[in-house]
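As a plain string of letters, each chain reads:
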Amino acid sequence: MSTKAYYPINEIGKGKPGFATTRSIIEAPFYGNNVIKVNTLREAYELAKNSPGTIVTDMPVYRGEEFGLDKDAKVLLFNDGAITGRYATARRIAGEPGVNCPALDKVVMDAVYETRWKTMYHAEVYAGLDPEYMVKAHLLIPEGEENILYNWMLNFQYMSDQYVNMYKASKPVGDGKEPDIYIFSDPQWNGSDRPGVDLSCLSDPKCLCYFNTEQNCAAILGMRYFGEHKKGTLTMVWALANRNGYASCHGGQKEYTLSDGSKYVASVFGLSGSGKSTITHAKHGGKYGVTVLHDDAFIINTDTCSSVAIEPTYFDKTQDYPTGCEDNKYLLTAQNCSCTLDEDGKIQLVTEDIRNGNGRAIKSKLWSPNRVDKIESPVNAIYWIMKDPTIPPIVRLKGASLASVMGATLATKRSSAERLAPGADPNALVVVPYANPFRTYPLVNDYEKFKKLVEEKNVDCYIINTGDFMGKKVQPKDTLGILEAIVDKKAEFKQWGPFTDIEIFEWEGFVPDLNDPEYAEQLKARMEDRVKFVANMAVVKEGYDKLPDDALEAIQKIVNQLK
């Protein structure tokens, strides 16, 4: 699929697809006489390399010429300052109750005006890596923010000859009515009061992430962290996919090829730090042929059950990758890390979150040797990754409503990738539906799509707990051992206690005792939390995210059976 960039004169005008207020405000500055078009990764690299404050390490980019860089390109390091994580509080989504679009439009209009005094850079990328689903995205950002620009072009697909031809051959998305994605960004914006601008429509007067996904446009103001631009773009891409029959996935997917030639496709859903990358990239000691789609962003066609990756590279934490480790060979850039001189006087990265939490790097596609952009085989199983101490390391869910509502009530702990509002408890168990805090459309859309996969396409659904189970840590070897048992069809599931719709595979050392009153009470409390969450969805935001009655009934049944 492709989006629309050019319009015949008779298709331009009020009320026609691609023409509405917010989009008109955001698209116009892309054509200003202060705008420089950045067409290639080489240009973006040179801009970022020479940007004040950039640290050019002595670490070479491995095989960089294969994806648009010069052979002597080096890993670039740039540090953002005090903010090293995403700030969900700043998000404003058009269409949600209480979001004042006219006031937000005025904020963006004024922010655009202020950039007239700046040189601006315009870059284009593709999101979606197969002719089945490819959309074009544009970023406009000021001089001085060259590292964000370069990272954005690396994170998504730059316009190589191969992908330009692929895009030309792809089918127009939405019958040709979906326009290109436009993102206006000014990290230097300071939120000052100006005539005609009312900042009370913002949750924080110093920053804003404003999305109008119906119009395929966004504004990111006062936010330096690259992750805001990555996830902001994905937010738009996922919303566009959702409108066109796909399940939008914040997770990882891999395909196992067994010794008999059969395939098993597993999709894992979890927040940053949940273990989804570890699971996705695990090679299982060579027991299987393993093909990786991606570890963070993909979409599933709810009719064919095939899947398409959105990004070619990996935006990964550096916490678990010490200086000198083999994985760091695949780094392209790094953010919010330190550096030092080695024994030869060469500049080397200092990782492991010594400088700050949530140090990050973009790794090339080469990091995963069996990487593909599309998995044609239909997905076999969905795994909701939770860090809920009352749930065993693995359970299987029966019934489409329960399978989908447990994804809608996915409970986990906050990750260091997030910047929390003052007073928020970073250790509290929170619900993040489908592990995707970047949704800009009603929750029922995701609920129905995942329910369809289970109900109509016979996709299995599991919960895996990668955190603690009643005080005992679930180790990666436990999680991977469980997955191997399922893939090999050696996992013996049986009904779990009184629950007619939940089956358990009893993993040694983690067998729950439902006769233990303390455990049973905690399990009941956590399930009741989910009931309250689903019931509350019918009330908060004027019912914007209300789920169907069968969702509440499925989770209430679990609580009733515990009694």
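Residues numbered from 1 in each chain as written. Predicted model: local features only at pLDDT ≥ 70, side-chain atom pairs only at ≥ 80, totals over all residues. Heavy atoms only, no water.

Let's talk about the sheet that holds strand S15 (residues 307-309)
And then number 1: Spatially, four strands are ordered S10-S14-S15-S21 in an open sheet, and the strand pairing comes out antiparallel. Each of the sheet's edge strands pairs with one partner strand only, and the pair in question is strand S10 (246-249) and strand S21 (374-375).
And then number 2: On top of the sheet, helix H6 (residues 226-243) reaches S10 and strand S14 (298-301); it is set at about 160° to S10, its chief contact.
And then number 3: Docked against the sheet, helix H9 (residues 443-455) engages S10 and S14, running at close to 110° with respect to S10. (Pairing = 2+ DSSP bridges. Helix = DSSP H or I, 4+ residues; strand = E, 2+ residues; numbered from the N terminus. Contact = heavy atoms within 4.5 Å. Axes fitted to C-alpha atoms, helices over the stretch in contact; angles between N-to-C directions.)

Regarding unusual backbone geometry
And then number 1: In this model, Asn 336 sits at a positive phi of 55°, which is unusual for a non-glycine residue.
And then number 2: Secondary-structure assignment places Asn 336 in the loop between strand S17 (331-335) and strand S18 (338-341).
And then number 3: Under the relative-accessibility criterion, Asn 336 is labelled buried at 2%.
And then number 4: One non-glycine residue with positive phi stands out, namely Glu 352, at about 60°.
And then number 5: Assignment of secondary structure puts Glu 352 in the loop between strand S19 (347-350) and strand S20 (360-363).
And then number 6: Among the residues examined, Glu 352 registers a relative accessible area of 41% and is labelled partly exposed. (Buried < 20%, exposed > 50% of the residue type's maximum accessible area, 1.4 Å probe, protein only.)

Comments concerning the packing of helix H8 (residues 400-408) against helix H12 (residues 549-562)
Pairs of packed helices are described in terms of their axes, by the angle between the two and the distance that separates them.
And then number 1: Following both chains from N to C, one finds H8 and H12 inclined at 90°, their axes separated by 8 Å at the closest point. By the criterion of interaxial angle, the relationship of H8 to H12 is roughly perpendicular. Together, Ser 401, Leu 402, Val 405 and Met 406 of H8 and Asp 550, Ala 551, Ala 554, Ile 555 and Ile 558 of H12 make up the contact between the two elements.
And then number 2: By residue class, the composition of the contact of H8 with H12 is seven nonpolar, one polar and one charged. (Parallel < 35°, antiparallel > 145°, perpendicular 65-115°, else oblique. Nonpolar A, V, L, I, M, F, W, Y, C, P; charged D, E, K, R; others polar.)

Focus: H9
And then number 1: Under the 1.5 Å per step criterion, the end-to-end length of H9 is 18 Å for 13 residues, consistent within 8% with the ideal 18 Å.
And then number 2: Among the residues making up H9, those that are buried are Leu 443, Asp 446, Tyr 447, Lys 449, Phe 450, Lys 451, Lys 452, Leu 453 and Val 454. (Expected span 1.5 Å × (residues − 1).)

Focus: the sheet that holds strand S2 (residues 55-60)
In any sheet, the strands associate via hydrogen bonds between backbone groups, in a parallel or an antiparallel arrangement.
And then number 1: Read from one edge of the open sheet, five strands run S2-S3-S17-S20-S16, paired in mixed fashion. Every other strand in the sheet has two partners, leaving S2 and strand S16 (314-317) as the edge strands with one partner each. For this sheet, the mean angle separating the axes of adjacent strands, direction not counted, is 25°.
And then number 2: As defined by bridge partners, strand S3 (residues 74-78) adjoins S17 across three bridges and the pair is classed as parallel. By the bridge assignment for S17, Phe 78 is matched with Gln 335.
And then number 3: Of the strands in this sheet, S3, S16, S17 and S20 touch helix H4 (residues 146-155), which is tilted by about 140° from S17.

Observations concerning the pairing of strand S30 (residues 499-504)
And then number 1: Burial analysis of S30 places five of its six residues in the buried class, the great majority of the element.
And then number 2: Bridging between strand S23 (residues 394-397) and S30 involves three bridges; their strand directions are antiparallel. Considered in S30, the bridge of Val 395 is made with Ile 504.
And then number 3: For strand S29 (residues 494-496) and S30, the ladder comprises three bridges, and the chain directions are antiparallel. By the bridge assignment, Lys 494 is partnered in S30 with Ile 504.
And then number 4: Between S29 and the antiparallel strand that follows it, S30, lie two residues; Gly 497 among them carries a positive phi value of about 50°.

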